[in-house]
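Analysis of the macromolecular model
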Amino acid sequence: MNDPVLAFAALLTPEGRALLDEVRGTDPARELAVATRLRRDHPADLVSAALGQARLRQRAAAAKFTPEDADQMFFTPNGFEQSTRTTVAAYRAARLRDLGVTSVADLCCGIGGDAIALARAGVRVLAVDRDP
């Protein structure tokens, strides 16, 4: 599954979501063993996509997002690298709210870190990005 859009769509299926739950928190040193076991019952491409997403979620939880948020989000390597750290996004959102901003169109929102912070600050958000 070389197409990232197809891989993402596969992770949204019940089987993909179940795999994401199963691989959550997988130790990178055990990834090969986990992949081998899961490929007995699931398509190899789907297992690979789930493990890759789990790895990105672990990185996101360690560096930019809360673990709770990271476990609900979907990342690409570039999207993760370009995303705004939660603390920075929350600071910006509070500043905008305090200035009286009530709604924002976050065009090119990427992963959506700023959009999430704005919504949590009580600002109505329209988040748009060309990349799924």
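Rules used in this analysis
- Residues numbered from 1 in each chain as written.
- Predicted model: local features only at pLDDT ≥ 70, side-chain atom pairs only at ≥ 80, totals over all residues.
- Heavy atoms only, no water.
- Pairing = 2+ DSSP bridges.
- Helix = DSSP H or I, 4+ residues; strand = E, 2+ residues; numbered from the N terminus.
- Right-handed = clockwise from strand over helix to strand, strands pointing away.
- Axes fitted to C-alpha atoms, helices over the stretch in contact; angles between N-to-C directions.
- Parallel < 35°, antiparallel > 145°, perpendicular 65-115°, else oblique.
- Contact = heavy atoms within 4.5 Å.
- Phe/Tyr/Trp six-rings, centres within 6.5 Å; stacked < 30°, edge-to-face > 60°.
- Buried < 20%, exposed > 50% of the residue type's maximum accessible area, 1.4 Å probe, protein only.
- Lys NZ or Arg CZ within 6 Å of the ring centre and 35° of its normal.

A look at the pairing of strand S2 (residues 124-128)
In the sheet, strand S1 (residues 103-107) pairs with S2 via five bridges, with the strands oriented parallel. By the bridge assignment for S2, Asp 106 is matched with Ala 127. Of the crossover connections in this fold, the one passing from S1 over helix H8 (residues 113-120) to the parallel S2 is right-handed.

Points about the packing of helix H1 (residues 4-11) against helix H4 (residues 44-63)
Packing of H1 against H4 brings their axes to within 10 Å, and their N-to-C directions diverge by 85°. In terms of their interaxial angle, H1 and H4 are classed as roughly perpendicular. On H4, the residues that touch Ala 7, Ala 10 and Leu 11 of H1 are Leu 46, Ala 49, Ala 50 and Gln 53.

Quick word on the packing of aromatic side chains
Per the counting criterion, the structure on display carries three aromatic pairs. With a centroid separation of 5.7 Å and 50° between ring planes, the pair formed by Phe 65 and Phe 75 is classed as tilted. Highlighted residues: Phe 65 in the loop between H4 and helix H5 (67-70) and Phe 75 in the loop between H5 and helix H6 (77-82), separated in sequence by 10 residues. By the burial criterion, Phe 65 is buried, and Phe 75 matches it. Their ring planes at 85° and their centres at 6.3 Å tell us that Phe 75 and Phe 80 sit as a pair that is edge-to-face. There is no split in this pair, since Phe 75 and Phe 80 are both buried. Taken together, the ring pairs connect Phe 65, Phe 75 and Phe 80 into an aromatic cluster. The side chain of Arg 57 reaches across the aromatic face of Phe 74, ending 4.8 Å from its centre.

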